[in-house]
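This is what each chain is made of:
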Amino acid sequence: MNFDELFGHFGQHTVDGLAKGAIYALVALGYTLVYGVLKLINFAHSEVFMVGTFAVVGVWTAMGATDSPPVGTLILLLVAGLAAAMAASGLTAVATERIAYRRLRRMNAPPLIFLITAIGVSLVLSEAYGVWLARFFQGDGLGSQRLVVGMPAVIKQDVLFSVGGTDVTNIQFIIFVSALVMMAGLDQFINRTRYGRGVRAVAQNPDTAALMGVNKDRVIVLIFLLGGLLAGVAALLWAIRYGNTRFNVGFVLGLKAFTAAVLGGIGNLRGALLGGLLLGVVEVYAATLTQSNWEDVAAFVVLVVVLLFRPTGLLGESLGRARA
Amino acid sequence: MMEIIRSWNDRRRDLAGGVGDRWRALPRWQRAVAFVAFVGFLYYLPLLGIPGLTWLRTDYVPGGNNWAGVLFVCAVYVLVAIGLNVVVGLAGLLDLGYVGFFAIGAYSVALFGSTQSPVVKALQNQLGLPQDWAVAWAVCLPLAIALTMISGVILGWPTLRLRGDYLAIVTLGFGEIIRIVARNSSWTGGPQGIAGIPGPQGAPSADNDIFGFIDVKPWYWLALTVVLAMVFGVRRLEQSRVGRAWLAIREDEDAAGVMGVSGFKYKLWAFAMGAALGGLSGFVFASRFNFIDPTQFNPQLSILFVAMVVVGGAGNMAGVALGAFLLAYLPERFRGFEEYRNLVFGLALVLVMLIRPQGLIPSRRRARELEDRAKEAPANV
Amino acid sequence: MSELVKGPDADNPRNDVLLAVDHVTLRFGGVVALDEVSFEVRRGEILGLIGPNGAGKTTCFNAMTGVYRPTTGEVRFDGQRVSGRKPHEINRLGIARTFQNIRLFPEMTALENVMVGTDSQHKTSVVGALFRLYRVRPRPDELPAVTAPGGAVRAWQQTRRTFAKTFGISRHTLEERAGERKGMALLRFVGIADRANDLARNLPYGYQRRLEIARALATEPKLLCLDEPAAGFNPAEKEELLQLIRQIREQGYTVLLIEHDMRLVMGVTDRIVVLEFGKKIAEGSPAQVRDDPKVIAAYLGVPADAA
């Protein structure tokens, strides 16, 4: 266990972890919104994110993006990428609700069926992309070479400022700010607008909300859309930070984001943010300490520990006061 | 004795699924004869060389040798489905990490039975044993079952109290942890896996005349025998107070508790037994293929297992066996579409859930439960 | 009446305290559902628990049977503390209950529902059910009968008889049979034996209510708690239920009864406890309680000093 490395560069590792965690937080918000209202783990949300990353790839390829373009072009690329990712992810999220989940709700299916359908949808989406990738980029599609698709590094990673020996890069800064802005926006939306009130009402008591004139179906579409939009933002940030994507990029990220949502308190929006940031930090510490690729295990261990000792999460359940 | 079995089975007969209705309308002795004939047919299956029926086989060469191999994999998957059915169908718990138990069973025989495993080598050094010593294959069997049951209890004890969806995620995590540990740890051979796994006749060598490399039929017959024994065992449990308790817990756990049924105890037993069956299938699987590596035990496989049970008909052994057979056999039959395999699984899952959630051969109780729920759905859902 | 239905105190009536609810308070967040409720149930009596809607009667039941845990205070049964234990443990100690809103196992038959209850008294373990190794020497009447005139079937029956003679019969089988016998006896006792093999969801309402009682009795309790067993009954059915409750007491069980119907309560109970807003406001014989001004006020809403 390499404690020297960890404590020697504690600040740096923390900043790295926070940046990682901010992306988790954005995806976690999608999980927590859907779970808070529908009591459903939307497995397909990881693929909603994945679709967003491919939308960014598509747009940037179409616009002929290169490494480190001039500022004007850069802004254009980012805006276009953001719009594409949010549109693609939002659309995918709403489509999965419309096609798969709505029918199950009409049938009043038990939770097990919902879960399995969600897994199926997730599999269909990721495999569809995998197959399409293998064929599209390789022509005859023989063999199961599922490519990692690279992207140009539109923002060159550079140190933006330093705080007492800890460097914060420009990319990290962008990620933090974006996550906080989105979080604040979502918070305002849920707590201050009538649509947000509708969401909270349906989360707490769907039948009464309906009696009060809230259109339950519309509210549900809304939360899926919101989750999708946030995932789109996360997709763009991912593209800027990591510069590549693949058909199953969603799987591990989704699991971790869900862990983050549980850690913070499922159904609790601020909890998702806190959980995401915390998980990112814990992962980076674990990777530093063990100097190897046990970092994925860290997320699962966190999940198990949280569920054992504090299943309501750090900030407690909210939005829907879910009780089994 | 007869009346009890008849009355209990009468009731089960009344409750059986649609396809099973005609079957169960037959008098008992006719069903027994039909069953024996079916079992005989299963044993004969690898020898199936009737020209008209070769389209069933997956090898296009007359007298080709892969048919038995495919059948073997089908048998192993049926065993997995039976085990997972105990967890998902009988006790109603969603386990998304069943591949973990499969892996533990496989690694048990690999780590203790193969002369190339790091564990065996360490034991050889510690105890001054010869280079070709390893734990006997037959001893590895109870070892595998014990290890998987223990891990099932370790996993289940803290998590069975959780809500269903949380349990699903935690089990998924468990499966992943097992895979990652197997990949990272030097004790498990790391990413290269472990070779030289023994079979019933000992370490793999050209001298193994029955359980060797060339003729897969004895392997299939071995697997089939294990499957039949396990089916018999699970049916016994279903028809006893244990089965009643599982059903009561599924229907109304709180009411069952007030009637003296400890939900936790029976769920834990279901989990442990399911784990043992998973381990047993991994054991048989590894013995035949002589080599395993961590990439084989991935989460897609876990999802495939769940798909077999759910598509086939959770709660009904015939159903899940059919589900397992189809999902093991069809990809082999349509080899050319290898790439689309997982896509088709996903589509099958979604379509079955949307159109026929009770599965292909449902347990009548399950079909009725879903019907009732659909009728109760509030109008403004 | 069948031996199988007898309760624990049938042959040995006693009158000591069986259940003691001792200053039990139950809070849900800000709501105080039970406020320092104390009363006793004596062995062999039929105690009624009444009060207006929302008084806390079912909550009290839930606290006694382990569904809720009291915030303060304790519940003692037969000298042992039961508050805070799990429901199935409390059932083993001797308390059984029915539910206000009928919680049968809908996809099981009436007999199977009752057998879940009888199972709780059986010793076959999970391993025992699987391997059936614990064997018992059977009595001659328990052996498989040889009834066929001849041929292969007779030979088969004779083989089975010999097998049973040599190897005995497993405890599992004997307990299953015993469970069925007792189950049928209980179904006859409550009067629904004619539909023993019908699914619980298909039974008429009255039968379902009585099935719940039979199922509770199957767990061989000392105390039977009935939560509004007559809800939805017409007067004739209520009269039958009254008789049934009396018979249950005669068989040696102690009964605790929540009911709204005053005639039923006055007719069958020995003593009554009255709750209002989570507090006990009166206790005594039916005659005493009927004339108590506090009770009248609670039901009619007239201020107590204007009575």
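Computed from a predicted structure; not experimentally measured. (Residues numbered from 1 in each chain as written. Chains lettered and ligands numbered in written order. Predicted model: local features only at pLDDT ≥ 70, side-chain atom pairs only at ≥ 80, totals over all residues. Heavy atoms only, no water.)

(A) How the structure looks around the confidence of the model for chain A. All names here are of chain A. Summing up the model confidence of chain A, the mean pLDDT is 85 and the portion of residues at 70 or higher is 93%. This model gives residues 139-144 a pLDDT under 50, and the stretch forms seven contacts once residues within four places in sequence are excluded. Low confidence marks residues 320-324, where pLDDT is under 50. Its contacts with residues over four positions away, or in another chain, come to eight contacts. (pLDDT = per-residue confidence, 0-100. Contact = heavy atoms within 4.5 Å.)

(B) Structural view of the sheet that holds strand 9 (residues 223-227) of chain C. Residue and element names in this part refer to chain C. The mixed open sheet is built from six strands, whose spatial order is 6-9-10-3-11-12. For this open sheet the edge positions go to strand 6 (95-97) and strand 12 (279-284), each flanked by a neighbour on one side alone. The sheet shows a mean angle of 20° between the axes of neighbouring strands, taken without regard to direction. In the sheet, strand 3 (residues 46-50) pairs with strand 10 (residues 254-258) via four bridges, with the strands oriented parallel. When the sheet's bridge partners are listed, leucine 49 is paired in strand 10 with isoleucine 258. Against the sheet, helix 8 (residues 235-250) touches strand 3, strand 9 and strand 10, its axis set at about 150° to strand 10. (Pairing = 2+ DSSP bridges. Helix = DSSP H or I, 4+ residues; strand = E, 2+ residues; numbered from the N terminus. Axes fitted to C-alpha atoms, helices over the stretch in contact; angles between N-to-C directions.)

(C) Quick peek at the nonpolar core. Ranked by internal contacts, the top residues of the largest apolar core, which has 264 residues, are Trp60(A) and Phe305(B). At 19 residues, helix 4 (residues 67-90) of chain B tops the list of elements feeding residues into this core. Beyond its immediate sequence surroundings of up to four residues, Trp60(A) is in contact with Ala65(A), Leu77(A), Leu78(A), Gly81(A), Met151(A), Pro152(A), Val154(A), Leu236(A), Ala239(A) and Ile240(A). Ranked by size, the runner-up nonpolar core spans 27 residues in total, among them Leu19(C), Leu49(C), Ala63(C) and Met64(C). (Core = buried A, V, L, I, M, F, W, Y, C linked by side-chain atoms within 4.5 Å. Buried < 20%, exposed > 50% of the residue type's maximum accessible area, 1.4 Å probe, protein only.)

(D) Geometry of the pattern of salt bridges. Across all of its chains, the model carries 31 salt bridges over all chains by this definition. Across the salt bridge formed by Glu283(A) and Lys20(A), the nearest N and O atoms sit 3.0 Å from each other. Of this pair, Glu283(A) sits in helix 11 (residues 269-290) while Lys20(A) sits in helix 2 (residues 10-38), and the two are 263 residues apart along the sequence. Between Arg244(B) and Glu176(C) there is a salt bridge, with the nearest N and O atoms lying 2.8 Å from each other. With Arg244(B) in helix 10 (residues 241-251) and Glu176(C) in helix 6 (residues 171-190), this residue pair bridges two chains. (Salt bridge = Lys/Arg side-chain N within 4 Å of Asp/Glu carboxyl O.)

(E) Quick look at the interface of chain A and chain B. Taken residue by residue, the interface counts 55 residues in chain A and 45 residues in chain B. Together, the buried faces of chain A and chain B total about 4600 Å²; carbon and sulfur atoms form 72% of this surface. When the buried area of chain A at its contact with chain B is split by residue, Asn108(A), Ile116(A) and Leu123(A) rank highest and sum to 12% of it. The tally of links from chain A across to chain B stands at zero salt bridges. The tally of links from chain A across to chain B stands at two residue pairs in polar contact (both at pLDDT 80 or more). For the side of chain A that touches chain B, the element with the most residues is helix 5 (residues 111-138) of chain A, which contributes 15 residues. Considered class by class, the residues forming the side of chain A that touches chain B number 37 nonpolar, six polar and 12 charged. (Buried area = accessible area lost by both parts, 1.4 Å probe. Polar contact = N/O pair within 3.5 Å; in protein donor to acceptor, adjacent residues only side chain to side chain. Nonpolar A, V, L, I, M, F, W, Y, C, P; charged D, E, K, R; others polar.)

(F) Just the packing of aromatic side chains, in detail. In this structure the tally under the stated criterion is 27 aromatic pairs over all chains. Ring geometry for Tyr98(B) versus Phe305(B): centroids 6.4 Å apart, planes at 85°, classification edge-to-face. Residue Tyr98(B) is located in helix 5 (residues 98-113), and its partner Phe305(B) is located in helix 13 (residues 299-312); the two are separated by 207 residues in the primary sequence. Of the two residues, Tyr98(B) and Phe305(B), neither departs from the other in class, the shared state being buried. The side chain of Arg288(B) reaches across the aromatic face of Phe289(B), ending 4.7 Å from its centre. Of note, Arg210(C) hangs over the ring of Tyr207(C), and the distance from its end group to the ring centre comes to 5.4 Å. (Phe/Tyr/Trp six-rings, centres within 6.5 Å; stacked < 30°, edge-to-face > 60°. Lys NZ or Arg CZ within 6 Å of the ring centre and 35° of its normal.)

(G) Geometry of the packing of helix 6 of chain C against helix 7 (residues 205-218) of chain C. Residue and element names in this part refer to chain C. Across the interface, helix 6 lies against helix 7 with an axial gap of 9 Å and an inter-helix angle of 135°. Classed by the angle they form, the pair helix 6 and helix 7 counts as oblique. In the crossing of helix 6 with helix 7, the sense of the turn from one axis to the other is right-handed. Residues Lys182, Leu186, Leu187, Phe189 and Val190 of helix 6 form the contact with helix 7, whose own contacting residues are Arg210, Leu211, Ile213, Ala214, Leu217 and Ala218. Partitioning the contact of helix 6 with helix 7 into residue classes produces nine nonpolar, no polar and two charged. (Parallel < 35°, antiparallel > 145°, perpendicular 65-115°, else oblique. Left-handed = near helix turned anticlockwise from the far one by under 90°.)

(H) Just the interface of chain C and chain B, in detail. Across the contact, 40 residues belong to chain C and 35 residues belong to chain B. Together, the buried faces of chain C and chain B total about 3700 Å²; carbon and sulfur atoms form 59% of this surface. Viewed at the interface, chain B and chain C are joined by four salt bridges. Taken together, chain C and chain B are joined by 13 residue pairs in polar contact (both at pLDDT 80 or more). Elements that contribute at least two residues to the side of chain C that touches chain B include exactly helix 2 (87-93), helix 3 (110-119), helix 4 (126-131), helix 6 and helix 7 of chain C. Per-element tally for the side of chain C that touches chain B: the top contributor is helix 3 of chain C, with six residues. Looking at the side of chain C that touches chain B residue by residue, the class counts come to 15 nonpolar, 11 polar and 14 charged.

(I) Broad picture of the environment of Thr147(C). Tracing the backbone through its elements, the reader meets Thr147(C) in the loop between strand 7 (135-136) and helix 5 (151-167). On the basis of relative accessible area, Thr147(C) is assigned to the exposed category, the value being 62%.

(J) Broad picture of the packing of helix 10 (residues 249-264) of chain A against helix 8 (residues 164-184) of chain B. The contact between helix 10 of chain A and helix 8 of chain B brings their axes to 12 Å, and the two run at 130°. One way to sum up the angle between helix 10 of chain A and helix 8 of chain B is to call them oblique. In this structure, helix 10 of chain A crosses over helix 8 of chain B, and the sense of that crossing is left-handed. Residues Phe251(A), Leu255(A), Phe258(A) and Val262(A) of helix 10 of chain A form the contact with helix 8 of chain B, whose own contacting residues are Tyr166(B), Ile169(B), Leu172(B) and Glu176(B).

(K) Highlighting the arrangement of the chains. By number of contacts, the leading pair among the two pairs of chains in contact is chains A and B. No interface is formed between chain A and chain C, the nearest pair of C-alpha atoms being 13 Å apart.

(L) Region of the structure containing a nonpolar patch on the surface. Residue and element names in this part refer to chain A. A surface patch of nonpolar side chains, about 510 Å² in accessible area, is lined by Leu160, Phe161, Val163, Phe173, Val177 and Val181. The residue valine 163 is located in strand 2 (residues 159-163) in this model. Using a relative accessible area of 53% as the deciding quantity, one classes valine 163 as exposed. (Patch = residues over 30% accessible without salt bridge, like charges linked within 9 Å, V, L, I, M, F, W, Y side chains within 5 Å. Areas by Shrake-Rupley, 256 points an atom, 1.4 Å probe, with all protein chains shown as cover.)

(M) Representation of the sheet that holds strand 2 (residues 31-42) of chain C. Residues and elements named next belong to chain C. Spatial ordering of the open sheet is given by 2-1-4-5, a layout of four strands whose pairing is antiparallel. At either end of the open sheet lies a strand with only one pairing partner, and these are strand 2 and strand 5 (80-81). As paired strands, strand 1 (residues 17-28) and strand 2 are joined by eight bridges and run antiparallel to one another. Across the sheet, residue leucine 26 finds its bridge partner in strand 2, namely leucine 34. On the sheet, helix 1 (residues 57-64) packs against strand 1, strand 2 and strand 4 (72-77) and is oriented at approximately 70° with respect to strand 2.

(N) Seen up close, the state of the cysteines. Residue and element names in this part refer to chain C. The final tally for this structure, using the stated rule, is zero disulfides over all chains. Here cysteine 60 stays unpaired: no disulfide links it, and the sulfur of cysteine 225, its closest cysteine neighbor, is 9.1 Å away. With relative accessibility at 2%, the residue cysteine 60 sits in the buried group. Given the relative accessible area of 0%, cysteine 225 is considered buried. (Disulfide = S-S within 2.5 Å.)

(O) The pairing of strand 2 of chain A, seen in detail. All names here are of chain A. Of the strand pairs in this sheet, strand 2 and strand 3 (residues 166-169) are connected by four bridges, and their pairing is antiparallel. Each residue of the ladder has a partner; that of valine 163, found in strand 3, is threonine 166. Adjacent in sequence and paired antiparallel, strand 2 and strand 3 are bridged by two residues, among which glycine 164 carries a positive phi angle near 50°.

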